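Listed here are the chains, written in short residue letters.
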Amino acid sequence: MSSKYGASLVPEGMTQEEQDELAKTTNSEEKVKVSSEHGSRYGAQDLGFGPTNDDEEFEGGDGIDIDSYNASLGDVYGTDAYGAAQGETYGALTNPDDLKVAGSGSRYGAQDAPEDEEERKMRMKIKRKEETKYEKSLKQSLNLTSIFDDRQVVEMKDWSSSFLEAEELPERTAHEVLVKYKTLTKLSTDFIEIAKAYGRTAITEYFLHEKRTVKKHKLGGVAGGDKYLVRGILFKLAVDPPMGKSNWIYGGSKRNLEYAAKAAGHELKGAINMYKYHVKKIRVPMQALVDFHGYRIVAMPLLPLKKMIYGSKDAGKIIHRSDEKFNKIMEEIADDLHLAGHYICDQNGHPNLLHAAGDIEGHLGKDNRYYLLDLARAFPPESVWDTAHLNRPSQAVFFRMLRPEFLQYLKENGHPPLSCDALTNWGQSYTDRHEHNDRLRKATRILVEKLIPAFAEEFSKKSVEELQRIHV
């Protein structure tokens, strides 16, 4: 027998009796039915990974901060403020001058059926005897005895602390620079390889309702998609979550995985652009995107968070801005990126001035560092009413974003800053909404009617030799 990934499923030295036992177990697993509700095109494949300690009841360990998990991680990770009964905040305006509520959200996903204990033990006994080529190479590169065994982990990084320690290494000499960036490269490579291994497994097993080796965790929030917690890494699978009975957050009236994947990509872009502000003591977690079988999953480490100090995690019911130093830093960052401060009213009608999208979260960590999370809407959206050459998805304001380079063009040419919440229900609760909506529409017209045609004309004048030298 051999697997899709080229690794033998019959290890050397296995007796005939053990091979027969393996064949029975494999045949049994191949009969697992894929949910007819979701279709079978992405049916799960067994990658040979055993269940992890994190896949059962959460007990901490492996560098995971149990206090953070128990206290508030359910509200911190993936809480893009799309929680149950909060969908109305995430509606997009069907008319720029008319506010329409999109509907209420709903809690996503049901608990997986428990696996039969005897079957699990038998399967684990056999799987511990086998190992794919990928597992071997990964364990060798990380110098681990095993990262896939059920409970035996010799080394597992506290990713967040390791990243911050490497970030803060000195750069006074050429040797120190070399040491620092070799350390960061090694750390990021390790993180990406583990994220790829478990991310692909989560995607492959998405349509299984039982016998998963990487199980879902109910960590709160909906917009980030399904959540998985493995080896100190949080995974968010970008599925378009439902918002009410007949709407979806990104697809509107029809679920759209492409739009959900675009939003996940914007989260990484936001983190990349915010990373340069670590000199202002603002930290963003390292992240990785894994694209596999047409799905996208975001991986990031767990963080030692203590309390939320900026933004909202409950769709705007409560707006946080309790730390004046952090507020000042966010204002400076907004000025640099050419983002406009704007008001969002909380559930009591009290206006709160923010310089970022309402669902971007600022936190104070247990290490007294500032952390910035959920950066998918770090930049303003396009105006769908001024892009006639494109289709007009009702929820496009959550996945069609303007580029930071365009904002710098506006800044250099004297145009006013833009609000990240313009043309969304987040930004429609205060009297400044008309000003910010108009600014965004004018900026989009500048992009469509001036910059894009000018670029196309310049590009068309280039010779074949010049075009061949351009890296696209």
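A brief report on the enclosed structure follows. Within each chain, residue numbers correspond to sequence positions counted from 1 in written order. Reporting in this predicted model follows two pLDDT cut-offs: at least 70 for local features of residues, and 80 or more for side-chain atom pairs to be given and counted; totals over whole chains, interfaces and linings ignore these cut-offs and use all residues. As a rule here, side-chain values come from all non-hydrogen atoms in the structure, and water together with hydrogens is ignored.

Both strand β8 (residues 342-345) and strand β9 (residues 351-354) contribute to a ladder of 4 bridges, which runs antiparallel. Its bridge partner lying in β9, cysteine 345 is registered against proline 351. Note on pairing: DSSP must find at least two bridges between two strands before they are called paired. The helix and strand labels rest on DSSP assignments: H or I over at least four residues marks a helix, E over at least two residues marks a strand, and numbering proceeds from the N terminus.

With a phi angle near 50°, arginine 231 is a residue other than glycine that sits in the positive phi range. For arginine 231, the position within the fold is in the loop between β1 (226-230) and β2 (233-237). Throughout this description, buried means an accessible area under 20% of the type-specific maximum (1.4 Å probe, protein chains only), exposed means over 50%, and partly exposed covers the range between. Residue arginine 231 is classed as buried on the basis of its relative accessible area of 1%. Unlike most non-glycine residues, histidine 338 shows phi in positive territory, near 70°. Locating histidine 338 in the fold gives a position in the loop between α8 (324-337) and β8.

Taken in spatial order, the 4 strands make up an open sheet running β1-β2-β5-β4, and their pairing is antiparallel. Of all strands in the sheet, those with a lone pairing partner are β1 and β4 (288-292), marking the two edges. Geometrically, the sheet is characterised by an average inter-axis angle of 25° between neighbouring strands, direction not taken into account. Packing against the sheet, helix α6 (residues 174-204) makes contact with β1, β2, β4 and β5 (295-301), and its axis sits at approximately 40° to β4. Only heavy atoms matter for contacts: two residues are in contact if any of them lie within 4.5 Å across the pair. Note on geometry: axes are C-alpha line fits, over the in-contact stretch for helices, and angles between N-to-C directions span 0 to 180 degrees. Sheet strands touched by helix α7 (residues 257-275): β2, β4 and β5. Its angle to β5, the strand with the most contacts, is close to 30°.

Time to look at the pattern of salt bridges. Salt bridge criterion: a side-chain nitrogen from Lys or Arg within 4 Å of a carboxyl oxygen from Asp or Glu. Under the defined criterion, the tally for this structure stands at 18 salt bridges. Among the salt bridges present, the one from aspartate 367 reaches arginine 369, with a minimum N-O distance of 2.9 Å. Overall, the relative accessible area of 28% leaves aspartate 367 in the partly exposed class. With relative accessibility at 23%, the residue arginine 369 sits in the partly exposed group. For glutamate 457, the salt bridge identified is with lysine 461, shortest N-O distance 3.5 Å.

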